Amino acid sequence: MFGFLFFACLSVLLAVLFIPRDWSTKFGNELPQAPPVRLISRHELSLYDGEEGSRGLYLAILGQVFDVNKGHKHYGPGGAYHFMTGKDASLAFITGDFTESGQTDDVSGLSPLQVVALYDWLAFYQKDYNPVGRVTGRFYTDSGQPTEALLQVEASLAEGQRLKAQSQAEREHFPACNSEWSAARGGRVWCSSKSGGVERDWTGVPRKLFTPGSSGSRCVCVQDPSTAENPNLQEYQDCSPHADSCPIGE
Ligand code: HEM
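Structural notes, computed from the coordinates. (Residues numbered from 1 in each chain as written. Predicted model: local features only at pLDDT ≥ 70, side-chain atom pairs only at ≥ 80, totals over all residues. Heavy atoms only, no water.)

### With respect to the state of the cysteines
For clarity, the cut-off: When the sulfur atoms of two cysteines come within 2.5 Å, that pair is taken as a disulfide. Secondary structure follows DSSP: runs of H or I at least 4 residues long count as helices, runs of E at least 2 residues long count as strands, and numbering of each begins at the N terminus. Exposed residues in this analysis have more than 50% of their type's maximum accessible area, buried residues have under 20%, and partly exposed residues fall in between, with area computed by a 1.4 Å probe over protein chains only.
This structure, assessed with the given rule, holds three disulfides. The side chain of Cys191 participates in a disulfide bridge whose partner is Cys221; the two sulfur atoms lie 2.2 Å from each other. Since a negative S-S torsion denotes a left-handed disulfide, the Cys191-Cys221 link at about -105° is left-handed. With a gap of 30 residues between them, Cys191 in the loop between strand S6 (186-190) and strand S7 (205-210) and Cys221 in strand S8 (residues 217-222) connect regions that are remote in the sequence. Assessed through its relative accessible area of 0%, Cys221 is described here as buried. With its sulfur 2.1 Å from that of its partner, Cys239 forms a disulfide with Cys246. Torsion about the S-S bond of the Cys239 and Cys246 cystine: about -75°, corresponding to left-handed handedness. Here Cys239 and Cys246 have matching classes, each one buried.

### A short note on the coordination of the iron atom of the ligand
The line we're drawing: Note that water is not among the atoms considered, so a metal site may appear incomplete; the donors listed are N, O and S atoms within 2.8 Å of the metal, with 3.2 Å applied to Na, K and Ca.
Among protein atoms, the single one acting as a donor to the iron atom of the ligand is Tyr81 (OH), 2.0 Å away. Here Tyr81 is to be found in the loop between helix H4 (72-75) and helix H5 (90-95).

### Topic: the environment of Gly86
Worth spelling out the cut-off: Contacts are assigned to residue pairs that have any heavy atoms within 4.5 Å of one another.
Looking at the element boundaries, Gly86 is found in the loop between H4 and H5. Leaving out residues up to four positions away in the same chain, Gly86 has contacts with Leu45, Ser46, Tyr48, Asp49, Tyr58 and Leu59.

### What to know about the sheet that holds strand S4 (residues 130-135)
To keep it simple, the criterion reads: Whether two strands pair depends on DSSP finding at least two bridges between them.
Across the sheet, four strands lie side by side as S1-S4-S3-S2; this open sheet has mixed pairing. Either end of the sheet is taken by a strand with one partner, and the two such strands are strand S1 (39-40) and strand S2 (58-61). Relative to S4, S1 runs parallel, the two sharing two bridges. Residue Ile40 lies in a different strand from S4, and its bridge partner there is Val135.

### Observations concerning the pattern of salt bridges
The line we're drawing: Each salt bridge in this description consists of a side-chain nitrogen of Lys or Arg and a carboxyl oxygen of Asp or Glu lying within 4 Å of one another.
Inspection of the entire model under this criterion finds seven salt bridges. In this structure, a network of salt bridges that share partners links the residues Arg38, Glu44 and Arg55.

### Observations concerning the site of the ligand
Filter applied, for reference: A molecule or strand has a residue near it when one of that residue's heavy atoms lies within 4 Å. Polar contact criterion, stated in full: a pair of N or O atoms within 3.5 Å, where within protein one must be able to donate a hydrogen and the other to accept it, and residues adjacent in sequence count only if both atoms are side-chain atoms. Nonpolar residues are Ala, Val, Leu, Ile, Met, Phe, Trp, Tyr, Cys and Pro. Charged residues are Asp, Glu, Lys and Arg, and all others, Gly as well, are polar.
The immediate surroundings of the ligand are formed by 13 residues, with Tyr75, Tyr81, Phe124, Tyr125 and Tyr129 found nearest. At 2.8 Å, a side-chain N or O of Tyr81 approaches a nitrogen atom of the ligand. In the environment of the ligand, an oxygen atom lies 2.6 Å from a nitrogen or oxygen atom belonging to the side chain of Tyr129. Of all the secondary-structure elements, those providing two or more residues to the shell around the ligand are H4, H5 and helix H6 (112-128). Residues of the shell around the ligand, tallied by class, amount to 10 nonpolar, two polar and one charged.

Below, the structure is given as structure tokens:
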């Protein structure tokens, strides 16, 4: 028994003494350091607009700078998107206002869903172009920390993603109807197992869906013909509650 304990203690002691010095770096918390992010001032960024004598071809979106020289035909002088270079014109990606006043990084007026669309553009640049660093000012401080403006955009992004997921779930629960209109036969709405672009194992029946707070309705397919439990659903006039196709007036 004592012999066993002696050998056990000796093994632990030897293990502690001979563990390589960099053991903690390899397996512990000290992960290899990422290279520091390059911080670029607005002025320095403006020197990368691809014009004669410029230092290169960069653009920024949401404060992140990318080298877009690979897309010279779009971004170089004479290209349709040349105005985007040497600056952060985030707002123009959503408004399509490419005039001087539209070329701003002030995105505080965008709706949450527009912010989601702006982040889709950011994802496009992250996928297709090399990152260069961060432009200081609106979205990053002089020490590279996110500003209050960036935190607000990120909060709006989270809200936009929530809204998008909600409307996606709604579209799947209440897929849109097919519709057609002809002068001879008038209009009709109908359900199929692919209507509204939602593939499913049920067809459903057409109902008018009213959105609280907005006028008008749209045709959706509901799985359960009983509309009693949802006050926003209404049957079509002159159409059997179980029919999968209903005539509609003009
Ligand atoms: C909000 C409005 C718009 C924005 C922000 C925008 C932005 C851009 C950007 C940044 C590129 C370059 C993508 C790359 O790096 O490869 C691009 C390419 C292109 N855009 Fe737009 N665009 C807009 C509207 C339009 C419209 C209305 C049209 C057509 C009528 C159009 C047609 C094109 C075409 C044809 C390309 C080139 C595709 C290729 O050759 O790879 N864009 N757009």
